[in-house]
Amino acid sequence: MEKVLDRKIKIIWDFRGPGAAKIAEHYQKHLEEFVMIEELKFDITGFEHHSPSHSTAFLVVAEFELKEVKEILKPHRGEIYLE
C-alpha cells in the first residue's frame, strides 16, 4: 500500500464555451512547462473533451506537492488519480 503523501492527485481546470477545446489544449502546454520548471515528481498532464462546449486540462501531482501547486496554479477541482 502506498503512503498517503505519495498518492497521485489529479488537479483539473474546466473550460466552457465554443473555444473550450483549444483553450484546454493550450493550457496543457503551459502545465507541461510548469512540470519541468518546478521539477515535479510526475510529468503527467493532459486534456479531455467532454462535449463541444466543455473541456478540461489536468496535471497529476504527488500529494506532498499539492498545497504548493494549488496556491500557484489555482485549479478548479481535484480527485485521486487512478491509473
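Residues numbered from 1 in each chain as written. Predicted model: local features only at pLDDT ≥ 70, side-chain atom pairs only at ≥ 80, totals over all residues. Heavy atoms only, no water.

(A) Broad picture of the overall build of the protein chain. Of regular secondary structure, the protein chain possesses two helices and four strands. Here the protein chain has a C-alpha radius of gyration of 13 Å; the compact-globule value for 83 residues is 12 Å, and the two agree. Seen through its principal axes, the protein chain has C-alpha atoms that stretch 40 × 25 × 20 Å. Counting across all 83 residues of the protein chain, residues that qualify as buried make up 40%. Of the roughly 5600 Å² of accessible surface on the protein chain, a fraction of 56% belongs to carbon and sulfur atoms. (Helix = DSSP H or I, 4+ residues; strand = E, 2+ residues; numbered from the N terminus. Rg over C-alpha atoms; globule rule 2.2 N^0.38 Å. Buried < 20%, exposed > 50% of the residue type's maximum accessible area, 1.4 Å probe, protein only. Areas by Shrake-Rupley, 256 points an atom, 1.4 Å probe, with all protein chains shown as cover.)

(B) Just the nonpolar core, in detail. Formed by 16 residues in total, the largest nonpolar core has its most connected members in I11, W13, L40, L59, V61, V69 and L73. At the level of secondary structure, the elements contributing two or more residues to this core comprise strand 1 (8–16), helix 1 (20–38), strand 3 (54–62) and helix 2 (63–73). Counting residues in hydrophobic clusters, the runner-up holds five residues, among them F42, F58, V60 and A62. (Core = buried A, V, L, I, M, F, W, Y, C linked by side-chain atoms within 4.5 Å.)

(C) Examining a negative patch on the surface more closely. Where like charges cluster on the molecular surface, the negative patch consists of E38, E39, E68 and E71. You can see E39 is positioned in the loop between helix 1 and strand 2 (44–51). Take E39: its relative accessible area is 68%, and that puts it in the exposed class. (Patch = residues over 30% accessible without salt bridge, like charges linked within 9 Å, V, L, I, M, F, W, Y side chains within 5 Å. Salt bridge = Lys/Arg side-chain N within 4 Å of Asp/Glu carboxyl O. Lys, Arg positive; Asp, Glu negative; His and termini not counted. Charge placed at Lys NZ, Arg CZ, Asp CG, Glu CD.)

(D) Structural context of the pattern of salt bridges. Throughout the structure, instances matching the rule amount to four salt bridges. Here E63 makes a salt bridge to R7, at a shortest N to O gap of 2.8 Å. Taken as a pair, E63 in helix 2 and R7 in the segment before strand 1 lie far apart in primary sequence, 56 residues in all. A salt bridge links D14 to R77; the nearest nitrogen and oxygen atoms lie 2.9 Å apart.

(E) Seen up close, helix 1. Here helix 1 is 19 residues long and its end C-alpha atoms lie 26 Å apart, about the 27 Å a rise of 1.5 Å per residue gives. Taken together, the buried residues of helix 1 touch strand 1, strand 2, strand 3 and helix 2. Where helix 1 ends, the next residue or the one after it, E39, has phi of about 55 degrees, a positive value. (Expected span 1.5 Å × (residues − 1). Contact = heavy atoms within 4.5 Å.)

(F) Seen up close, the packing of aromatic side chains. Using the criterion set out here, one finds two aromatic pairs in the structure. Centroid distance F15 to Y27: 5.5 Å. Interplanar angle 55 degrees. Geometry classified as tilted. With F15 in strand 1 and Y27 in helix 1, this residue pair connects regions lying 12 residues apart in the sequence. By relative accessible area, F15 is classed as buried at 15%. (Phe/Tyr/Trp six-rings, centres within 6.5 Å; stacked < 30°, edge-to-face > 60°.)

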